Amino acid sequence: MKCYVCAKEGKETDAVAVCVACGMGTCMKHTVRKDVDVWEGSYPLPSRKLPTRMPRMLCPDCSNAFGEGK
Ligand SMILES: [Zn+2]
Ligand SMILES: [Zn+2]
């Protein structure tokens, strides 16, 4: 798979990751890795935060959509 962002710019770069949100392939430069908190919510217990954070690969577009600093 080629990086979609690079392809739009007319370049051909091998994709190293796939965006978890939209499925777009992205190269090293265009992959945004976000560690998101994992929450466990099971009725009737209140949600509690798990100690681990899950890394997620996002493309630049989805990263913007999710918002920074969240
Ligand atoms: Zn790229
Ligand atoms: Zn995406």
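Residues numbered from 1 in each chain as written. Chains lettered and ligands numbered in written order. Predicted model: local features only at pLDDT ≥ 70, side-chain atom pairs only at ≥ 80, totals over all residues. Heavy atoms only, no water.

Engineer: Outline the coordination of the zinc ion (ligand 2), supporting the account with residue identities and numerical values.
Structural biologist: Every protein donor of the zinc ion (ligand 2) is accounted for by C19 (SG), C22 (SG), C59 (SG) and C62 (SG), and the metal-donor separations fall at 2.3 Å. Angles of 103 to 116° at the metal separate the 4 donor atoms of the zinc ion (ligand 2), which places the site in the tetrahedral class. Mapping the donors of the zinc ion (ligand 2) onto the primary sequence yields the spacing C-x2-C-x36-C-x2-C. Pair noted here: C22 is in the loop between strand 1 (17–18) and strand 2 (25–26) and C62 is in helix 2 (residues 60–66), with a separation of 40 residues, a long-range link. (Donors = N, O, S within 2.8 Å, 3.2 Å for Na, K, Ca; no water. Tetrahedral: all angles 85-135°; square planar, octahedral: opposite > 155°, others 65-115°. Helix = DSSP H or I, 4+ residues; strand = E, 2+ residues; numbered from the N terminus.)

Engineer: Mind laying out the coordination of the zinc ion (ligand 1), listing which residues take part and the relevant values?
Structural biologist: Surrounding the zinc ion (ligand 1) are the protein donor atoms C3 (SG), C6 (SG), C27 (SG) and H30 (ND1), which sit 2.0 to 2.3 Å from the metal. Given 4 donor atoms and angles of 104 to 112° at the metal, the environment of the zinc ion (ligand 1) is assigned as tetrahedral. Sequence spacing of the donor residues for the zinc ion (ligand 1), all on one chain, is C-x2-C-x20-C-x2-H. With C6 in helix 1 (residues 4–8) and C27 in the loop between strand 2 and strand 3 (32–40), this pair connects stretches of sequence that are 21 residues apart. When its relative accessible area of 3% is taken as the criterion, C6 is described as buried. (Buried < 20%, exposed > 50% of the residue type's maximum accessible area, 1.4 Å probe, protein only.)

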